Amino acid sequence: MPKEINRKVKPVFVFPFHDPTGRYLKTLFKNLGLLKEIFSKICISATPTAVKSSGPLLKILEKGGCLILKNKEGTTLGDYFRGALKIYSANRLRGPVYYGFIDRVLFDLETKYKNSFIEDVSKNYKEDLVIFSRSEKAWKSHPKDYFALENMVTETGKVFINKEVDWTWCGAMFKPKIIKPILVKSKSLDFSVLTEFILINHCLGGTLKSIEVDWLAWEDPFWAKKDKTFNPAKKFNNKEKTFRLEYCINCLKLFLDYFK
C-alpha cells in the first residue's frame, strides 16, 4: 500500500450514484474495505432510480458507515452532483474532499492504476481546487468523438483563464472552504455543473491546479468484460453524442454567464 494512504487527514470520497442494472455493486462491495482505508468517509448521492433498484444494498452501505442522500423524484442530474457535496456539508465532515465517479474509481482499484490513483488522491494539496485532468494517454483510450466534443470546452476555457483544465472532469479535490459557496451558487441542471464548480471557485478567487493523470483512462471496456450485455462501442451512438454535445454547449454558455 502506498505510504501516502497513511496521511493524518484522509480525504472524504463523495460521488453521485446511478446504477440501474447493478453493474457496479459487486465490485463496490469487494473494494469497500479498501475505500475505507483510503478515505475517512464515503458520501453517496443516489439518484431516484438507484434508490428504487438498489434500495436494500444502499441500506447495507449505510450500516457499513456510508452516508447516503436519497434524491427524490423530479430532481436533476445537477442536484445529484450537488447532493454529494451537501452530505459532506450537512454532516460537518472535516478534511479535503475527493469528488469522483464510482465506475472510474473501481476501475482504478481493479487495474494497474491502483497505486497511482491512491497516491494522487491521498496527497496534500495547497490549492483550493485540484482537477485531475485526463492525460493525452488517457484521452487516447476514449472514443475520438468523446474527446472532440469535450475538447471544445477545454479550448474555450484556455481563452478565459489561460490554463488547460479538463472542465468536464472525472476527478477533483476540493478544500472544505469552497464547498458551501459552491453549493449556494451552483444552479446547473446537467453535467455542465462540473464546469460550473470550477468557475465558481475561480470567481471566488480560489486557487486552481490541473494535474494530468493516466488513471482516468476510459473505463467502459473494463465494465464490458464484467457485464456481457454492455457494449461500449454501441453505447457511443448518435444519442450518446447528442447527450454530450448538449452539456458541452451548456458548459460554453456558462463562460458567457461568468465572463461577460
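For the structure, check the block above.
Everything in this summary refers to the structure shown in the same document.

Criteria and thresholds
Residues numbered from 1 in each chain as written. Predicted model: local features only at pLDDT ≥ 70, side-chain atom pairs only at ≥ 80, totals over all residues. Heavy atoms only, no water. Helix = DSSP H or I, 4+ residues; strand = E, 2+ residues; numbered from the N terminus. Rg over C-alpha atoms; globule rule 2.2 N^0.38 Å. Buried < 20%, exposed > 50% of the residue type's maximum accessible area, 1.4 Å probe, protein only. Contact = heavy atoms within 4.5 Å. Polar contact = N/O pair within 3.5 Å; in protein donor to acceptor, adjacent residues only side chain to side chain. Phe/Tyr/Trp six-rings, centres within 6.5 Å; stacked < 30°, edge-to-face > 60°. Lys NZ or Arg CZ within 6 Å of the ring centre and 35° of its normal. Salt bridge = Lys/Arg side-chain N within 4 Å of Asp/Glu carboxyl O. Pairing = 2+ DSSP bridges. Axes fitted to C-alpha atoms, helices over the stretch in contact; angles between N-to-C directions. Expected span 1.5 Å × (residues − 1). Bend = angle between axes of the 7 residues up to and from the residue. Parallel < 35°, antiparallel > 145°, perpendicular 65-115°, else oblique. Nonpolar A, V, L, I, M, F, W, Y, C, P; charged D, E, K, R; others polar.

Scanning the protein from N- to C-terminus turns up twelve helices and seven strands. The C-alpha radius of gyration computed for the protein amounts to 17 Å, which stays within 12% of the reference 18 Å derived for 260 residues, consistent with globular compactness. Counting only C-alpha atoms and orienting by the principal axes, one finds that the protein spans roughly 50 × 45 × 40 Å. Looking at the 260 residues of the protein, the share that counts as buried comes to 54%. Restricting to contacts in the protein with at least 6 residues of sequence separation, those with at least 24 account for 80%.

Moving on to the side chain of T47. Examined against the element boundaries, T47 turns out to sit in the loop between β2 (41-46) and α2 (48-63). Side-chain polar atoms of T47 contact the side chain of H18, separated by 2.9 Å. Here T47 is in contact with F17, H18, N71 and Y80, once residues within four sequence places are set aside.

Across all of its chains, the model carries 33 aromatic pairs by this definition. Each ring, one from F13 and one from F39, has its centre 4.9 Å from the other, and the planes form 25 degrees; the classification is stacked. In this pair, F13 sits in strand β1 (residues 12-17) while F39 sits in the loop between α1 (25-38) and β2, placing the two residues 26 residues apart along the sequence. The lysine or arginine in question, R23, covers the ring of F230, its NZ or CZ lying 4.1 Å from the ring centre.

Glancing now at the pattern of salt bridges. Inspection of every chain in the model, using the stated rule, returns 17 salt bridges. The salt bridge involving E219 is made with R104; its shortest N-O contact spans 3.3 Å. Residue E219 is located in the loop between β7 (208-213) and α10 (220-226), and its partner R104 is located in helix α4 (residues 102-109); the two are separated by 115 residues in the primary sequence. The exposure classification of E219 matches that of R104, with both residues buried. Residues K177 and D128 are paired through a salt bridge, measuring 3.3 Å at the closest nitrogen-oxygen approach.

Moving on: the sheet that holds strand β5 (residues 129-134). Strand order in the open sheet formed by seven strands is β3-β2-β1-β4-β6-β5-β7, and the pairing between neighbours is mixed. Of all the strands in the sheet, just β3 (67-70) and β7 have a single pairing partner and so form its edges. Across this sheet, the average inter-strand angle for adjacent strands is 20 degrees, counted without regard to direction. Pairing of β5 with β7 involves six bridges; the strand directions are parallel. Within β7, the residue paired with I131 across the bridge is S210.

Right, let's talk about helix α7 (residues 144-161) for a bit. Taking 1.5 Å of rise per residue, 18 residues should cover 26 Å, and α7 covers 25 Å from first to last C-alpha, within 8% of that figure. Where α7 bends most, the angle comes to about 30 degrees, and this point is E150. Along α7, the residues that are buried comprise Y146, L149, E150, V153, T154, G157 and I161. Contact partners of the buried residues in α7: α4, β5, α6 (136-140), α9 (193-203), β7 and α12 (238-259).

Helix α5 (residues 114-122) packs onto α4 with a crossing angle of 120 degrees between their chain directions and a minimal axis gap of 7 Å. The pairing of α4 with α5 is recorded here as oblique in orientation. Two secondary-structure elements touch here, α4 through V105, D108 and L109 and α5 through K114, F117 and I118. Counted by class, the contact of α4 with α5 contains four nonpolar, no polar and two charged residues.

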